[in-house]
Amino acid sequence: MLDPTTKEQRELWTYLTQELQSFLDRTSDYPVAPSLDQSEVRAFLQSDVLEAGVGTKAAIDHVILGMKNHTVHTTHPAYYGLFNPRANFPAILADTITATFNPQMAAWSHAPFAVEIERLLIQQLGDKFGYQTIDGVFATGGAEANQTALICALNSHFPNYATTGIAGIAGKPVLYCSTEAHHSVLKAARASGLGSEAIRPIPVDNFLAMDCNQLKINIEQDLKRGHKPFMVVGTFGTTGTGSIDPLLKIAQIVDNYGLWFHIDAAYGGALALTDIGKRHVAGISKSHSLTFDIHKWLAVPMGCSVFITNQDQILSQSFRTTTEYMPKDASDLDVVDPFTHSIQWSRRFIGLKLYLSLLTFGWNGYQEMINRTLNLGDYLREQLLAAKYKIHNHTVLPVVCFSAPESEKSSAEICQHIVNSGKSWLSIYPVDGTSTLRACINNHQTESSHIDDLVDLINQFAKTS
Ligand SMILES: *Cc1c(COP(=O)(O)O)cnc(C)c1O
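What counts as what
Sequence order as written defines the numbering, with residues in each chain counted from 1. Selection of residues for local features in this predicted model requires a pLDDT of at least 70, selection of side-chain atom pairs for listing and counting requires 80 or more, and totals for whole chains, interfaces and linings are taken over all residues. Think of the side-chain values as coming from all heavy atoms in the structure, minus any hydrogens and water. Runs of H or I in DSSP of at least four residues are treated as helices and runs of E of at least two as strands, each being numbered from the N terminus. Buried means the residue's accessible area, taken with a 1.4 Å probe over protein chains only, is under 20% of the maximum for its type, while exposed means over 50%, and partly exposed covers the values in between. The term polar contact refers here to a pair of N or O atoms within 3.5 Å; inside protein, the definition further demands a hydrogen-donor-capable atom paired with an acceptor-capable atom, and it admits residues adjacent in sequence only when both atoms are side-chain atoms. Throughout, a residue-residue contact means that at least one pair of heavy atoms, one from each residue, lies within 4.5 Å. The pairing criterion is simple: DSSP has to find at least two bridges between the two strands. Axis lines are fitted to C-alpha atoms, over the contacting stretch for helices. Their N-to-C directions set the angle, which ranges from 0 to 180 degrees. The disulfide definition used here is simple: a pair of cysteine sulfur atoms within 2.5 Å. Nonpolar cores are built from buried Ala, Val, Leu, Ile, Met, Phe, Trp, Tyr and Cys residues. Side-chain atoms within 4.5 Å join them into one set. Each reported salt bridge corresponds to a side-chain nitrogen of Lys or Arg within 4 Å of a carboxyl oxygen of Asp or Glu. Near, as used in this document, describes a residue that has one of its heavy atoms within 4 Å of the molecule or strand being considered. To be clear on the numbers: accessible area is Shrake-Rupley with a 1.4 Å probe, and residue cover counts the displayed protein chains and nothing else. Amino acids are sorted into nonpolar (Ala, Val, Leu, Ile, Met, Phe, Trp, Tyr, Cys and Pro), charged (Asp, Glu, Lys and Arg) and polar (every other residue, Gly among them). Along the arc lie the directions from the helix axis toward the C-beta atoms.

Enquirer: What exactly am I supposed to notice about the side chain of Ser243 here?
Expert: By the secondary structure assignment, Ser243 is in the loop between β4 (228-235) and α10 (247-257). By relative accessible area, Ser243 is classed as buried at 1%. Looking at Ser243, its side chain comes within polar contact range of the main-chain oxygen of Leu208, at 3.3 Å. Discounting chain neighbours no more than four positions away, the residues touching Ser243 are Phe207, Leu208, Ala209, Thr235, Phe236, Gly237 and Thr238.

Structure, rendered in structure tokens:
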């Protein structure tokens, strides 16, 4: 009843793949950002045909046209935005395979191949981050992975938390992250019943990284007041400026006070996959857990992230429940049912996007791509400095926050001009009270010629009165 005939399905696959491939071939021909006209978008929606439907071909045409005309094309090589990648081709195929087989990943016995793939990937990733003992779970994004971390930290520090909740804790639980940490930590604190006041925002130093003296002072103050510090979140590659918190120093402090150390490496964690980047990630292995988004630098479709921990009991302790209706076929085997490790219950086969990518080009392929992106970041910094722009952040990551000399246009004016031109997309980020232009290279198809075009575009506008 719900499907077209087999013959029609075959024709529709062919039609759809041709349409999608033509977008992949010609992404650069589209304006990076659409004009934001809400009434136009709403008028384009076909609310009037939803009772009866219009048939698959007309539906595909409608949706693809809408996606082309009313989307910021994060897949465009001149999109210098917020870590949103152009998905690599094998990963797009992977999502199609996942949708087709639709394996139920709650229980091992329903999808042993898929569950074991995710287990293998978690093991390999944990190993690359330098963990000895490795457990983990795929998550929909960094926000879910950070939420998982917070729940694990609560369960680890307050062993009765799973039963008695926050109310059972004698004192106010508090956690620490820098003022540049991602706001998903804030959301996690709210959603866990801690409230935003449980977060101590620690000031950053001149490198926009956590000030460890301030961290220590804050922990001491909280202890004196009878509060219950339980967790520090270090960021490896902040969203705003790509800064890296001093992980080794934080690890020392965390160790002294017996807290949980989580590292949010949603973006920057990709450095662990390259020989050049590895030396920057040394401190990660000193943590208890980390967040790493596959759907950022590793260029798979959203959402795909991992939470990894070296505490092999904590996920079970935090998420295990027993139910009568879940399958027990594998109860004699030494396997993990993902629903006992995850916030999610019914689970999409998230890991296939990474597995198919690795089967196609391997960790070696990722290493080459990441190194290339790092070089492009350096190239962008060189071009900007040569053109007399000021760079406001310090990072090896390809995120550059810059501004024009004061005599020229403001960052906001330049940003507006570039976004309106449709030729490129970047954003504004305040650094130390200065409004800067933030350009992040995150697309495996971006080349140095695109960087040249970006600097030319900015120059043409900024340097004309
Ligand atoms: C993107 C990001 C997040 C949030 O991850 P989502 O995948 O968007 O949920 C968390 N922390 C950092 C540092 C990030 O860059």
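Enquirer: So what exactly am I meant to see when it comes to the environment of Val233 here?
Expert: With respect to the helices and strands, Val233 occurs in strand β4. Considering only alpha carbons, one finds Val233 and Asp452, 219 residues apart in sequence, at a separation of 37 Å.

Enquirer: Sorry if this is basic, but what is going on with the sheet that holds strand β8 (residues 390-391) here?
Expert: Working definition: the strands of a sheet are paired by backbone hydrogen bonds and lie parallel or antiparallel to each other. Spatially, 4 strands are ordered β8-β9-β11-β10 in an open sheet, and the strand pairing comes out antiparallel. Edge strands, defined here as strands with exactly one partner in the open sheet, are β8 and β10 (427-431). Strand direction decides the pairing type here: β8 and strand β9 (residues 399-403), joined by 2 bridges, are antiparallel. The partner of Ile391 across the bridge, within β9, is Phe402. Contacting β8, β9 and β11 (434-440), helix α13 (residues 352-386) runs over the sheet at an angle of about 10° to β9. The strands touched by helix α14 (residues 411-421) within the sheet are β9, β10 and β11, with β11 carrying the most contacts at an inclination of about 35°.

Enquirer: Got a minute to help me understand the state of the cysteines in this structure?
Expert: Every disulfide links exactly two cysteines, by a covalent bond between their sulfur atoms. Applying the stated criterion across every chain, the model contains 0 disulfides. Note on Cys152: no disulfide assigned, nearest cysteine sulfur contributed by Cys177 at a separation of 17 Å. We note that Cys415 lacks a disulfide partner, and the nearest cysteine sulfur, in Cys401, lies 12 Å from it. Accessibility expressed as a relative area gives 10% for Cys415, which makes it buried.

Enquirer: What should I look at first to understand the nonpolar core in this one?
Expert: Side chains of a nonpolar character, in soluble globular proteins, are inclined to be buried together. One finds Leu125 and Leu354 to be the most contacted residues of the largest nonpolar core, which totals 65 residues. Among the elements that take part in this core, α13 stands out by supplying 9 residues, more than any other. In this structure, Leu354 is in contact with Leu121, Leu125, Phe138, Ile294, Leu298, Val300, Trp363 and Tyr366, ignoring residues within four places of it in sequence. Ala387, Ile391, Ile441 and Leu457 belong to the second largest nonpolar core, which has 30 residues in total.

Enquirer: Whenever I open this one, unusual backbone geometry confuses me. Can you help?
Expert: Cis geometry marks the peptide bond from Met302 to Gly303; its omega dihedral reads -10°. Tracing the chain through its elements places Gly303 in the loop between β6 (289-293) and β7 (305-309). A positive phi angle, close to 55°, is found at Asp432, a residue other than glycine. Structurally, Asp432 can be placed in the loop between β10 and β11.

Enquirer: I would appreciate a short explanation of the sheet that holds strand β2 (residues 173-178) in the present structure.
Expert: Reading across the sheet, the 7 strands line up as β1-β7-β6-β5-β4-β2-β3 and stay open at both edges, with mixed pairing between neighbours. Each edge of the open sheet is held by one strand with a lone partner, namely β1 (135-139) and β3 (199-202). Averaged over all adjacent pairs, the angle separating strand axes in this sheet is 20°, with direction ignored. Of the pairings in the sheet, the one linking β1 to β7 comprises 5 bridges and is antiparallel in character. Paired with Phe138 across the strands is Val306, a residue of β7. Sitting on the sheet, helix α8 (residues 184-191) is in contact with β2, β3 and β4, with an inclination near 165° to β3. Contacts from α10 reach β4 and β5 (260-264) within the one sheet, and its direction differs from that of β5 by about 160°.

Enquirer: Explain the side chain of Asp95 to me, please; I cannot follow it from the model alone.
Expert: By secondary structure assignment, the location of Asp95 is in helix α4 (residues 89-101). Within polar-contact distance, the side chain of Asp95 engages the side chain of Arg348 at 3.1 Å. Leave out the neighbours within four places in its chain, and Asp95 touches Pro301, Met302, Arg348 and Lys353.

Enquirer: Hey, could you run me through the pattern of salt bridges in this one?
Expert: Opposite charge on two side chains permits them to pair, given that their charged atoms come into close proximity. In the structure shown here, the tally under the stated rule is 11 salt bridges. A salt bridge links Glu11 to Lys7, with the shortest nitrogen-to-oxygen separation between them at 3.1 Å. Of the two residues, Glu11 and Lys7 both sit in helix α1 (residues 6-25), 4 residues apart, roughly one turn of that helix. Relative accessible area serves as the criterion here: at 45%, Glu11 is assigned to the partly exposed category. In this structure, Asp95 engages Lys353 in a salt bridge whose closest nitrogen and oxygen atoms are separated by 3.5 Å. Taken together, the positions of Asp95 in helix α4 and Lys353 in helix α13 put the pair 258 residues apart, joining distant regions of the chain.

Enquirer: Help me understand the site of the ligand in this model?
Expert: The immediate surroundings of the ligand are formed by 14 residues, with Gly142, Asp264, Asp293, His295 and Lys296 found nearest. A distance of 2.7 Å separates an oxygen atom of the ligand from a polar atom in the backbone of Gly142. Between the ligand and His295, the relevant distance is 2.7 Å, taken from an oxygen atom to a side-chain nitrogen or oxygen of the residue. With the chains in place, 85% of the 380 Å² that the ligand exposes on its own is no longer accessible. Counting residues per element, the shell around the ligand draws most heavily on helix α6 (residues 142-157), which supplies 3 residues. Residue composition of the shell around the ligand, by class: 3 nonpolar, 8 polar and 3 charged.

Enquirer: Can you walk me through α10 in this structure?
Expert: Since there are 3.6 residues in each turn of an α-helix, residues three or four apart along the chain are aligned in direction. Taken residue by residue, α10 has Leu247, Ile250, Ala251, Ile253 and Val254 as its buried positions. With its buried residues spanning 165° around the axis, α10 presents them on a single face. Facing away from the buried side of α10, by more than 90 degrees, are the exposed residues Lys249, Gln252, Asp255 and Asn256. Each element contacted by the buried residues of α10 is listed here: α9 (212-224), β4 and β5. A positive phi of about 65° marks Gly258, the residue just after α10.

Everything listed here is a matter of coordinates, which is why it stays silent on function.
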